Amino acid sequence: MSSSKQRYEAYLQLRDEGSEALRLGSLEAALESFEEALVLARELGDRDLVDRAICNRCRIALEVSLTDRELRELSEVLLRARDPEIGFLAAYNLVRAHLIRQDAQKAMFYGRIANERARQAERDDFIADARNGYGLALLADSQFHEAEEVFADALGHVDGERSTVRAAILDNLGYCQVVRGEYRSGFRALLESLRILIRGQQPWNEMSTRVSLCFAYLDFGKYRPALRHGRRALGLAEDFGNRSMEKSALFLLGEASKLVGDDFGARRYFDRLQAVYYPDLPFLPEMLMVVDARSMVNLKA
């Protein structure tokens, strides 16, 4: 077997290992596998393979610790990509990067490019992802009606009734509908999302849906179910080290505890929120005891 063939097979194995680690929520392990795969791709000297490997590495790196390196590398890949699939991967990751940086306008800009590249590639799975990403950018810009239409369209491009992608889109759609007061359809979408993820043993993705359900039950005036979903979400966030989900869960659990009359529990959640995420705001717990904590968190931004 030639050295190049061995390297390529090793690259494929590392890529698959990284994808599996991501499915299980092991971001550090996924990042390590994708970084090793990138080294092999560069040794092979295949430009398209390198660009795909860069997109895979950046996909995880921006979730672990987004830096200017990821933005630069993804932008360079997008500019030089002739293959629409690679262009989609770069643009889609740039959507996520700018959502993390809370720049809705740039996220929408790259979202439009991701949609264009996905349609050029003629792949429904890419179109579903691209529509979902663009919908999140619209949510971050508080365009809830437009986002709902985009999420509904994304569902039409999903292959499989129990796929993780379908669950993610249903989570986003359901949250959007709840915000707009469409509780019946919103709860239907969120509970379907949760069923898919539990059956598929997808605890990493389950976090987001649990947080959305916590918010939805709070908004609907059902505080004890909100606490149940919020506690499960917080436990998963702690297990996986997901700071974004942990922060959202703490906001919502504090509010839910307050609304059931458990001031001690509410202060405990708000004190932890302040100590970990807002150390320069010592007054925050007292303020959250008298205002609606939901007004200070956008779950999908």
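Attention in this report is confined to the structure presented alongside it. (Residues numbered from 1 in each chain as written. Predicted model: local features only at pLDDT ≥ 70, side-chain atom pairs only at ≥ 80, totals over all residues. Heavy atoms only, no water.)

**Digging into the overall build of the protein chain**
And step 1. When its secondary structure is counted, the protein chain shows 15 helices and 0 strands.
And step 2. Over its C-alpha atoms the protein chain spans a radius of gyration of 20 Å, differing by no more than 12% from the 19 Å that the globule rule assigns to 301 residues.
And step 3. Counting only C-alpha atoms and orienting by the principal axes, one finds that the protein chain spans roughly 70 × 35 × 35 Å.
And step 4. By residue count, 51% of the 301 residues in the protein chain fall in the buried class.
And step 5. Within the protein chain, contacts between residues separated by at least 24 positions form 56% of all contacts whose residues are at least 6 apart in sequence.
And step 6. Accessible surface, the protein chain: about 14,300 Å² in total, of which carbon and sulfur atoms supply 47%. (Helix = DSSP H or I, 4+ residues; strand = E, 2+ residues; numbered from the N terminus. Rg over C-alpha atoms; globule rule 2.2 N^0.38 Å. Buried < 20%, exposed > 50% of the residue type's maximum accessible area, 1.4 Å probe, protein only. Contact = heavy atoms within 4.5 Å. Areas by Shrake-Rupley, 256 points an atom, 1.4 Å probe, with all protein chains shown as cover.)

**Things to note about the pattern of salt bridges**
And step 1. Scanning all chains against the criterion turns up 28 salt bridges.
And step 2. With a shortest N-O distance of 3.0 Å, Arg131 and Asp153 are connected by a salt bridge. Of the two residues, Arg131 is situated in helix α7 (residues 124-140) and Asp153 in helix α8 (residues 144-155); the sequence distance between them amounts to 22 residues.
And step 3. For Glu182, the salt bridge is made with Arg180, and the minimal N-O distance between the two is 2.7 Å.
And step 4. On the basis of relative accessible area, Glu182 is assigned to the partly exposed category, the value being 24%.
And step 5. Exposure remark for Arg180: the relative accessible area of 35% places this residue in the partly exposed category. (Salt bridge = Lys/Arg side-chain N within 4 Å of Asp/Glu carboxyl O.)

**Examining the packing of helix α3 (residues 47-65) against helix α5 (residues 84-100)**
The packing of two helices is summarised by the inter-axis angle and the distance between the axes.
And step 1. Relative orientation of the contacting elements α3 and α5 amounts to 20°, with a least axis distance of 10 Å. One element, α3, and the other, α5, form an angle in the roughly parallel class. By crossing handedness, the relation of α3 to α5 is classed as left-handed. Counted together, Asp48, Asp51, Arg52, Cys55, Arg59, Leu62 and Glu63 of α3 and Glu85, Ile86, Leu89, Ala90, Asn93, Arg96, Ala97 and Ile100 of α5 form the full contact between these two elements.
And step 2. Of the residues belonging to the contact of α3 with α5, the class tally is 7 nonpolar, 1 polar and 7 charged. (Axes fitted to C-alpha atoms, helices over the stretch in contact; angles between N-to-C directions. Parallel < 35°, antiparallel > 145°, perpendicular 65-115°, else oblique. Left-handed = near helix turned anticlockwise from the far one by under 90°. Nonpolar A, V, L, I, M, F, W, Y, C, P; charged D, E, K, R; others polar.)

**Description of the state of the cysteines**
And step 1. This structure, assessed with the given rule, holds 0 disulfides.
And step 2. Cysteine Cys58 shares no disulfide, and the gap to the nearest cysteine sulfur, in Cys55, comes to 6.8 Å.
And step 3. Its relative accessible area of 0% is what places Cys58 among the buried residues.
And step 4. Considering cysteine sulfurs only, Cys176 is the nearest to Cys214, which forms no disulfide, with 18 Å between them.
And step 5. The exposure class of Cys214 is buried, given its relative accessible area of 0%. (Disulfide = S-S within 2.5 Å.)

**Quick look at the environment of Ser26**
And step 1. Within the element layout of this structure, Ser26 appears in the loop between α1 (3-23) and α2 (27-44).
And step 2. Looking at Ser26, the relative accessible area reads 35%, which means it is partly exposed.
And step 3. Considered as a pair, Ser26 and Asn56 are 30 residues apart in the sequence and their alpha carbons are 14 Å apart.

**Quick notes on α7**
And step 1. Over its 17 residues, α7 runs 24 Å from end to end, which matches the ideal 24 Å to within 8%, given 1.5 Å per residue.
And step 2. With respect to burial, α7 is a largely interior element, 14 of its 17 residues being buried.
And step 3. Ser142 occupies a position one or two residues after α7 and carries a positive phi of about 60°. (Expected span 1.5 Å × (residues − 1).)

**Description of the side chain of Glu255**
And step 1. Note on placement: Glu255 falls in helix α13 (residues 243-259).
And step 2. For Glu255, a relative accessible area of 4% gives the class buried.
And step 3. Separated by 2.9 Å, the side chains of Glu255 and Lys258 make a polar contact. (Polar contact = N/O pair within 3.5 Å; in protein donor to acceptor, adjacent residues only side chain to side chain.)

**Re the nonpolar core**
And step 1. The biggest cluster of nonpolar side chains holds 103 residues, and the ones touching the most others in it are Phe151 and Leu252.
And step 2. Those residues within four positions of Phe151 in sequence are excluded, and the remaining contacts are Asn132, Gly135, Leu136, Leu139, Ile169, Asn172, Leu173 and Cys176. (Core = buried A, V, L, I, M, F, W, Y, C linked by side-chain atoms within 4.5 Å.)

**Comments concerning helix α14 (residues 263-277)**
And step 1. With 15 residues, α14 extends 21 Å from end C-alpha to end C-alpha; this agrees with the ideal 21 Å at 1.5 Å per step.
And step 2. Restricting attention to buried positions, one finds in α14 the residues Gly265, Ala266, Tyr269, Phe270, Leu273, Gln274 and Tyr277. Looking straight down α14, one finds its buried side chains confined to an arc of 170°; they lie on one side. Away from its buried face, by an angle of more than 90 degrees, α14 presents the exposed residues Phe264 and Ala275.
And step 3. Tucked inside the fold, the buried residues of α14 contact α12 (223-240), α13 and α15 (284-288). (Arc of directions from axis to C-beta.)

Keep in mind that these numbers describe shape and distance, not what the molecule does.
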